[in-house]
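The primary structure of each chain is shown beneath.
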Amino acid sequence: GDSPGALAQLLCADIDYLLMDYLAEVTMSLLARARMKDAAAGYAPDCVAYLEPVFPTIAQKGVRIVSNGGGVNPLGCKRALEAIVAKLGLDLRVAIVEGDDVMPLIEELRTRGVREAFSGRPLPPRLLTANAYLGALPIKAALDGGADIVITGRCADSALALGVLMHEFGWAADDYDRLAAGS
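Read on for an overview of the structure.

Thresholds applied
Residues numbered from 1 in each chain as written. Predicted model: local features only at pLDDT ≥ 70, side-chain atom pairs only at ≥ 80, totals over all residues. Heavy atoms only, no water. 1 Å grid on protein atoms, 1.4 Å probe; cavity = no way out; pocket = protein on both sides within 12 Å on 5 of 7 lines; lining within 4 Å. Points joined across faces, edges and corners; volume = space filled by probe spheres on them. Helix = DSSP H or I, 4+ residues; strand = E, 2+ residues; numbered from the N terminus. Axes fitted to C-alpha atoms, helices over the stretch in contact; angles between N-to-C directions. Parallel < 35°, antiparallel > 145°, perpendicular 65-115°, else oblique. Left-handed = near helix turned anticlockwise from the far one by under 90°. Contact = heavy atoms within 4.5 Å. Nonpolar A, V, L, I, M, F, W, Y, C, P; charged D, E, K, R; others polar. Pairing = 2+ DSSP bridges. Expected span 1.5 Å × (residues − 1). Buried < 20%, exposed > 50% of the residue type's maximum accessible area, 1.4 Å probe, protein only. Salt bridge = Lys/Arg side-chain N within 4 Å of Asp/Glu carboxyl O. Polar contact = N/O pair within 3.5 Å; in protein donor to acceptor, adjacent residues only side chain to side chain.

**Details of the layout of surface pockets**
A volume near 500 Å³ is recorded for the largest pocket. Lining of the largest pocket is provided by 20 residues; of these, Glu25, Leu127, Thr129, Ala130 and Asn131 occupy positions nearest its centre. Elements that contribute at least two residues to the lining of the largest pocket include exactly helix H2 (25-37) and helix H6 (106-111). For the lining of the largest pocket, the leading source of residues is H2, giving three residues.

**Some details on the packing of helix H7 (residues 137-144) against helix H8 (residues 157-169)**
One can describe the packing of H7 onto H8 by two numbers: an axis separation of 8 Å at closest approach and a directional angle of 45 degrees. Our classification of the angle between H7 and H8 gives oblique. As H7 packs across H8, the resulting crossing turns out to be right-handed. Residues Leu137, Ile139, Lys140, Leu143 and Asp144 of H7 form the contact with H8, whose participating residues are Ala159, Leu160, Gly163, Val164, Met166 and His167. Looking at the contact of H7 with H8 residue by residue, the classes come out as seven nonpolar, two polar and two charged.

**What about the sheet that holds strand S1 (residues 17-20)?**
Backbone hydrogen bonds hold the strands of a sheet together, and the pairing may be parallel or antiparallel. Here we have four strands laid out as an open sheet, ordered S1-S2-S4-S3, and parallel in their pairing. Unpaired on one side and paired on the other, S1 and strand S3 (94-97) mark the two borders of the sheet. With strand direction ignored, the average angle separating the axes of adjacent strands in the sheet is 15 degrees. Inspection of the sheet shows strand S2 (residues 64-67) paired to strand S4 (residues 149-152) by three bridges, in the parallel sense.

**Overview of helix H5 (residues 74-88)**
With 15 residues, H5 extends 21 Å from end C-alpha to end C-alpha; this agrees with the ideal 21 Å at 1.5 Å per step. For H5, the complete set of buried residues consists of Pro74, Gly76, Cys77, Lys78, Ala80, Leu81, Ile84 and Val85. In this fold, the buried residues of H5 make contact with helix H3 (45-51), helix H4 (55-61), S3 and S4. Just downstream of H5 lies Gly89, where phi reads positive at about 70 degrees.

**A short note on the environment of Leu143**
Positionally, Leu143 belongs in helix H7. A C-alpha to C-alpha distance of 9.1 Å links Leu143 and Val66, two positions 77 residues apart in sequence. Those residues in contact with Leu143 that sit more than four places away from it in its chain are Tyr17, Arg64, Val66, Val150, Gly163, Val164 and His167.

**Looking at the pattern of salt bridges**
As enumerated under the stated definition, the model contains eight salt bridges in all. The residue Glu52 makes a salt bridge to Lys87 at a minimum N-O spacing of 2.7 Å. Of the two residues, Glu52 sits in the loop between H3 and H4 while Lys87 sits in helix H5, which places them 35 residues apart along the sequence. Between Arg110 and Glu107 there is a salt bridge, and its shortest N-O distance comes to 3.1 Å.

**Some details on the side chain of Asn73**
Mapped onto the elements, Asn73 comes out in the loop between S2 and H5. Judged by relative accessible area, which is 12%, Asn73 ranks as buried. Looking at Asn73, its side chain comes within polar contact range of the main-chain nitrogen of Gly76, at 2.8 Å. In this structure Asn73 touches Ala39, Ala40, Ala41, Gly42 and Tyr43, once residues within four positions along its chain are discounted.

Okay, here's the thing in structure tokens:
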């Protein structure tokens, strides 16, 4: 629901990173339904649409982007962003964080007796998507590897910022006081 002009406004400031948070549980279901209709879909279309007009500014200023706009298809989002980057003739590296999709593990989880966390009920017989909340370490690793844009699927909301902080300030995975403050 953010304004399409918000990114251009933010990029007027002297910033190093821009974080974009798109996901909620209901959003994941909507994106899963979109992917069922079109295998190339399943990511937040606003993530791509809002970044396209500001890519030249991002490249010129060296602003790095971190977003969970990959939804249930981070690779599809990466491909869409890379197509725009190529069309504009820019040199921006797009990385993705994968591993949140646990649908391939659902039957094993059922046999192990995994139940819904709050009600204690068995997992529903039909699921649109099942995702684990990833943390900050893969975001940090992507930034450490030189990514200009990091796209994730489901991750903890705080992981977007914490991954940036860990990268920028060299925080270790066991630097608990700083990690707590960053979260």
